[in-house]
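Working through the structure, step by step
These are the residues of each chain, in order.
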Amino acid sequence: MMMRRLRLAFVMVLMIMVVMHSASTVVEGCSASDREALLDFKASLNEPYLGIFSTWSGDDCCSNWYGINCDPTNHRVADINLRGESEDPIFLKAGRSGRMTGSISPSICKLDRLTTLIIADWKGISGEIPGCITSSLPSLRVLDLVGNRLSGHIPPSIGNLRKVTVFNLADNDLSGELPASIVQMSSLMHLDLRNNRISGQIPSDIGKLTMLSRVLLGRNQITGPIPNSIATIYRLADLDLSMNRISGWIPEQLGRMPVLSTINLDCNSIGGQIPASLLSNTGLGILNLSRNGLEGSIPDVFGPKTYFMALDLSYNSLKGKIPTTLLGANFIGHLDLSHNHLCGPIPIGEPFEHLEASSFDYNDCLCGNPLRTC
């Protein structure tokens, strides 16, 4: 009798262990609501060449759906990473980059645990950016929609996305002004809105974005001055405001920024003089001030720590002589002083020995190698 009870107890314990093991090995799929939202998102797009959406089948959108990653702790969709230019095997096999048409469905906003939204370089996706993104995706950290044909305005409440570190809408057809709320994106590190039709002025309090390392706003229709507060962004390394309609003067404080290495202000309507601090900043490696209305002389402030890979001051109204302190610079790669009102002899020695005549053409009375003799 005792042995029978022991056997029964052993069987019961074994059955409990089997049940517990089975329960622990069940793999949860993605939530039904996330799957439905993804399928609605897919329905608004057409990708005829690579077949990436053919992988979007089955009940578990967390498993082998191209470009989709889920949080392993709650099985909610966390990342959408769809790039039209990639070294992924699916692109290498097709031997081409991607092209996708259609629009971004507001159903994307139902994925309320999303941290990364990348729909980039598909060239044909049009329509507007769903406004609900700014209110329904509180965990979003990367918003990258570069290289499409998106139109309309940047959502005015974009400042709600205070966890976003990368905000890239470059190479689209967006218009309207920069939303004032953009300065509330307190975690923003990378801002790229190049090559759109964005107008209006840069917010005067853009300096509130203290985490920024790149501000890339070139090839738009931005007007007004360069805000002084930009110079308070300590981490800023790359500033591109080229090919806009910016006026006013260059803030002298820009030359005192410790991390700034690239400034592109070309093709604007900037006047005044070149701040001496800009040319004496030993951290700057690329400075393009060409095609503006800059006046006065070139500050003679170069020294042994000067290291410019590119220095372009062409197409301005600069007068006077070429600074002789350029001879003591550590390195000057590309130098363009053409189309100004400079006069006098071109200094003899490096960096002038390796420059061509095109670097000095169309000035009032420059002379010496590589131009005519003085």
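Residues numbered from 1 in each chain as written. Predicted model: local features only at pLDDT ≥ 70, side-chain atom pairs only at ≥ 80, totals over all residues. Heavy atoms only, no water.

The protein is annotated in an unreviewed UniProt entry as Leucine-rich repeat-containing N-terminal plant-type domain-containing protein of Trapa incisa. Database annotation for the protein, UniProt heading Sequence similarities (unreviewed entry): "Belongs to the RLP family." The UniProt entry for the protein carries the following text under Subcellular location (unreviewed entry): "Membrane". (UniProt positions renumbered as here; feature names shortened; annotations may be inferred.)

1. A few points about the packing of aromatic side chains
Counted according to the given criterion, the structure contains five aromatic pairs. A ring pair is formed by W56 and W65, whose centres lie 5.4 Å apart and whose planes are at 20°; its orientation type is stacked. Judged by relative accessible area, which is 4%, W56 ranks as buried. Given the relative accessible area of 2%, W65 is considered buried. The cationic tip of R291 hangs over the ring face of Y315; the distance from NZ or CZ to the ring centre is 3.8 Å. (Phe/Tyr/Trp six-rings, centres within 6.5 Å; stacked < 30°, edge-to-face > 60°. Buried < 20%, exposed > 50% of the residue type's maximum accessible area, 1.4 Å probe, protein only. Lys NZ or Arg CZ within 6 Å of the ring centre and 35° of its normal.)

2. Here we look at the state of the cysteines
When the sulfur atoms of two cysteines share a covalent bond, that bond is a disulfide. Evaluation of the coordinates by the stated rule reveals five disulfides. Disulfide pairing places C30 opposite C61 at an S-S distance of 2.0 Å. Between C30 and C61, the disulfide has an S-S torsion of 135° and is therefore right-handed. In this pair, C30 is assigned in the loop between helix 1 (2-24) and helix 2 (32-43) and C61 in the loop between strand 1 (45-46) and strand 2 (68-70), connecting sequence segments 31 residues apart. C61 matches C30 in its accessibility class, with the two residues each being buried. Counting its disulfide-bonded cysteines in sequence order, the protein shows a connectivity of 1-2, 3-4, 5-6, 7-8, 9-10. (Disulfide = S-S within 2.5 Å. Helix = DSSP H or I, 4+ residues; strand = E, 2+ residues; numbered from the N terminus.)

3. A closer look at the pattern of salt bridges
Taken as a whole and judged by the stated rule, the model has nine salt bridges. Its salt-bridge partner being R83, residue D144 comes within 3.6 Å of it at the nearest N-O pair. Taken together, the residues span a long stretch of sequence, with D144 in strand 7 (residues 142-144) and R83 in strand 3 (residues 77-83) at a distance of 61 residues. A relative accessible area of 7% means that D144 is categorised as buried. With a closest N to O distance of 3.4 Å, D205 and K208 form a salt bridge. One connected set of salt bridges, linked through shared partners, spans D34, R76 and D112. (Salt bridge = Lys/Arg side-chain N within 4 Å of Asp/Glu carboxyl O.)

4. Observations concerning the sheet that holds strand 22 (residues 365-367)
The three strands are arranged 19-21-22 in an open sheet whose pairing can be described as parallel. A single partner strand is all that each edge strand has here, and the edge strands are strand 19 (319-320) and strand 22. Both strand 21 (residues 341-345) and strand 22 contribute to a ladder of three bridges, which runs parallel. Its bridge partner being in strand 22, P345 is matched across the sheet by C367. (Pairing = 2+ DSSP bridges.)

5. Topic: the confidence of the model for the protein
When pLDDT is averaged along the protein, the result is 92; 93% of the residues meet or exceed 70. Below pLDDT 50 for its whole length, residues 1-27 participates in zero contacts with residues either more than four positions away or in separate chains. (pLDDT = per-residue confidence, 0-100. Contact = heavy atoms within 4.5 Å.)

6. Some thoughts on the sheet that holds strand 11 (residues 197-201)
Taken in spatial order, the four strands make up an open sheet running 9-11-13-15, and their pairing is parallel. Edge positions in the sheet fall to strand 9 (175-177) and strand 15 (245-246), since each of these pairs with one other strand and no more. Bridge count for strand 9 against strand 11 is three bridges, and the pairing is parallel. Within the sheet, the bridge partner assigned to S175 lies in strand 11 and is R197.

7. Brief notes about the side chain of T134
Examined against the element boundaries, T134 turns out to sit in helix 4 (residues 133-136). A polar side-chain atom of T134 sits 2.7 Å from a polar atom in the side chain of S157. Those residues in contact with T134, other than ones at most four positions away along the chain, are P155, S157, I158, N160 and L161. (Polar contact = N/O pair within 3.5 Å; in protein donor to acceptor, adjacent residues only side chain to side chain.)

8. Some thoughts on a nonpolar patch on the surface
Taken together, the side chains of Y307, M309 and F331 define a hydrophobic patch exposed on the protein surface, amounting to about 300 Å² of accessible area. Here Y307 shows up in strand 18 (residues 307-312). (Patch = residues over 30% accessible without salt bridge, like charges linked within 9 Å, V, L, I, M, F, W, Y side chains within 5 Å. Areas by Shrake-Rupley, 256 points an atom, 1.4 Å probe, with all protein chains shown as cover.)

9. A closer look at the nonpolar core
Counting 96 residues, the largest nonpolar core has I80, I108, I133 and F167 as the members making the most contacts within it. Among the secondary structure elements, those contributing two or more residues to this core are helix 2, strand 2, strand 3, strand 5 (116-120), helix 5 (276-280), strand 18 and strand 20 (331-336). I108 has contacts with F41, I80, L114, L117, I133 and L137, leaving out every residue within four places of it along the chain. Counting residues in hydrophobic clusters, the runner-up holds five residues, among them A120, V142, V146 and A170. (Core = buried A, V, L, I, M, F, W, Y, C linked by side-chain atoms within 4.5 Å.)

10. Re helix 2
Along its 12 residues, helix 2 runs 17 Å from first to last C-alpha, staying within 8% of the 16 Å computed at 1.5 Å per residue. Taken together, the buried positions of helix 2 are occupied by D34, A37, L38 and F41. Along the axis of helix 2, the buried positions cluster into a sector of 100°, meaning they face one direction only. Projecting away from the buried face of helix 2 at angles above 90 degrees are the exposed residues A32, E36 and A43. Where the residues of helix 2 are buried, they touch strand 1, strand 2, strand 3 and strand 5. (Expected span 1.5 Å × (residues − 1). Arc of directions from axis to C-beta.)

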